[in-house]
Amino acid sequence: MKIQLSIIFLVIISGLLFIQSSPVNQNGQKSGSMFSAEVKKVIDEKCYGCHSAESKSRDARNSLMWDSLPNLQKSKLVATLDDIIEVLQENKMPPAGTIKKYPEMRLLPSEKKILQSWAESRADSLLK
Amino acid sequence: MKAANKILIALAGVFIAIQFIPSGMPENKPEEKNSIVHSNLIAGPVLEQIRKSCFDCHSNQVQFPWYSKLAPSSWLLANHIREGRSNLNFSEWENYSNREKTGLLEEIKDEVSSGKMPPKSYLLIHRNAKLNTEEISALLKWADKETAKILE
């Protein structure tokens, strides 16, 4: 009886440990803290296709990988956020060629604003 | 008249004619308080390196060579200077926000350490603009220090 109890206890404890580690997703990267659901939706729909490890475009991968942002050192992260803001302000992304082929990929003004204010506040929080 | 002579005269005519097309060369402006030169951020040898290796395209203080007055080289030069200043202008350093400064310092580190800057074509003519290993590491150290000051 005692052994049974301690087995149940062990199972519960290991179950709890599992719940604690669940914010780490399959790629082993921290999720959650960096992007709100709203921001993540825009990134997934309009940016992630090219700016992720599965992308065919080497240029896009070299310029920005959303998944690696949480691993960047502070100065690199601010620099990347600054690039993102500039690209948004100048309407350079998604590229004109992509939009011509897939008009639905164009960033709506509301989406642009979501990304821009996210990048700005994120950068400001790292600066003096 | 021989055909070769005719061609030469025609070429000379074209050369003279294109001198009247304005190059749109950006002008030098006196250094104001926003310049990195007056900011106490940088002094001594590192400032001199930047002046020597970067200022021709990345400041309002260009040392114009003689061919900057002659088309078509003046057109190329005008373009390079305009582009260089729009990406980074040390004469207007203090006008950049801290975020922009961080971005620029990171870019300076990347470009200088990878040898992309100063560009090869510029070094062909301006040999003394080439940065040696010690100068590069002094510049990188300076950029790191500046970045640390800005970051929280």
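What you see is a predicted model; the values in this text were computed from it and never measured. (Residues numbered from 1 in each chain as written. Chains lettered and ligands numbered in written order. Predicted model: local features only at pLDDT ≥ 70, side-chain atom pairs only at ≥ 80, totals over all residues.)

### Looking at the overall build of chain A
Basically, it comes down to this: Runs of E in the DSSP output that reach at least two residues are strands. Runs of H or I that reach at least four are helices, and both are numbered from the N terminus. Three exposure classes are used, based on other C-beta atoms lying within 10 Å of a residue's own C-beta, which is placed from the backbone: buried for 20 or more, exposed for 12 or fewer, and partly exposed in between. The contact criterion used here is simple: two residues whose C-beta atoms, placed from the backbone, lie within 7 Å are in contact.
Each helix and strand in chain A was counted, giving six helices and zero strands. In chain A, the order of α-helices and β-strands from amino to carboxyl end is α-α-α-α-α-α. Taking all 128 residues of chain A together, the buried fraction comes to 16%. Here the contacts in chain A between residues at least 6 apart in sequence split such that 51% fall between residues at least 24 apart.

### Some points on the interface of chain A and chain B
Basically, it comes down to this: Each residue is assigned to one of three groups, with Ala, Val, Leu, Ile, Met, Phe, Trp, Tyr, Cys and Pro labelled nonpolar, Asp, Glu, Lys and Arg labelled charged, and all others, Gly among them, labelled polar.
Listed per partner, the contact involves 11 residues of chain A and 10 residues of chain B. Looking at the side of chain A that touches chain B residue by residue, the class counts come to five nonpolar, one polar and five charged.

### Quick word on the environment of E106(B)
With respect to the secondary-structure elements, E106(B) resides in helix α5 (residues 98-113). Residues contacting E106(B), with those up to four places away along its chain left out, are S75(A), K76(A) and A79(A).

### Quick look at helix α4 (residues 73-87) of chain B
All names here are of chain B. To keep things clear, this is the line we draw: Expected helix span is given by 1.5 Å per residue-to-residue step, counting one fewer step than there are residues. Working definition: the arc comes from the directions between the helix axis and the C-beta atoms, pointing outward to the latter.
Over its 15 residues, α4 extends 21 Å from the first C-alpha to the last, a length consistent with the 21 Å expected when each residue adds 1.5 Å. All of the buried residues in α4 are S74, L77, I81 and G84. What you see down the axis of α4 is that its buried residues fit within an arc of 95°, all on one side. In α4, the exposed positions that point more than 90 degrees away from the buried face belong to E83, S86 and N87. Buried residues belonging to α4 abut α3 (55-58).

### Structural notes on the nonpolar core
Applied cut-off: The term nonpolar core refers to a group of buried residues, namely Ala, Val, Leu, Ile, Met, Phe, Trp, Tyr and Cys, whose C-beta atoms join them within 7 Å.
Counting 18 residues, the largest nonpolar core has I36(B), I50(B), F90(B), I108(B), V112(B), L139(B) and A143(B) as its most contacted members. Contributing elements (two or more residues each) for this core: α5 and α7 (133-150) of chain B. Take this core: its biggest share by element is four residues, from α5(B). Those residues within four positions of F90(B) in sequence are excluded, and the remaining contacts are S35(B), I36(B), I50(B), C54(B), F55(B), H58(B) and S59(B). Listed in part, the 11 residues of the second largest apolar core include L81(A), I85(A), W118(A) and A119(A).

### A short note on the confidence of the model for chain B
Residues and elements named next belong to chain B. Applied cut-off: The predictor reports its confidence for every residue as pLDDT, a score running from 0 up to 100.
Taken over all residues, the pLDDT of chain B has a mean of 88, while the share at 70 or more is 99%. At the level of individual helices and strands, chain B shows its lowest average pLDDT in helix α2 (residues 44-53), which scores 86, and its highest in α5, which scores 93. This prediction of the complex comes with two scores: 0.76 for pTM and 0.74 for ipTM.

### Brief notes about the confidence of the model for chain A
Residue and element names in this part refer to chain A. Residues at a pLDDT of 70 or more form 75% of chain A, whose mean pLDDT is 80. The lowest-confidence element of chain A is helix α1 (residues 2-21), averaging 60 in pLDDT; the highest-confidence one is helix α4 (residues 74-89), averaging 93. Low pLDDT, under 50, characterises residues 21-32; the predicted model gives this stretch eight contacts beyond four residues in sequence or across chains.

### Points about α2(B)
All names here are of chain B. Q49, I50 and S53 are the residues of α2 that are buried. Projected down its long axis, α2 carries its buried residues within an arc of 95°, all on one side. When the buried face of α2 is taken as reference, the exposed residues oriented beyond 90 degrees from it are G44 and E48. Looking at the buried residues of α2, the elements they touch are α3 and α7.

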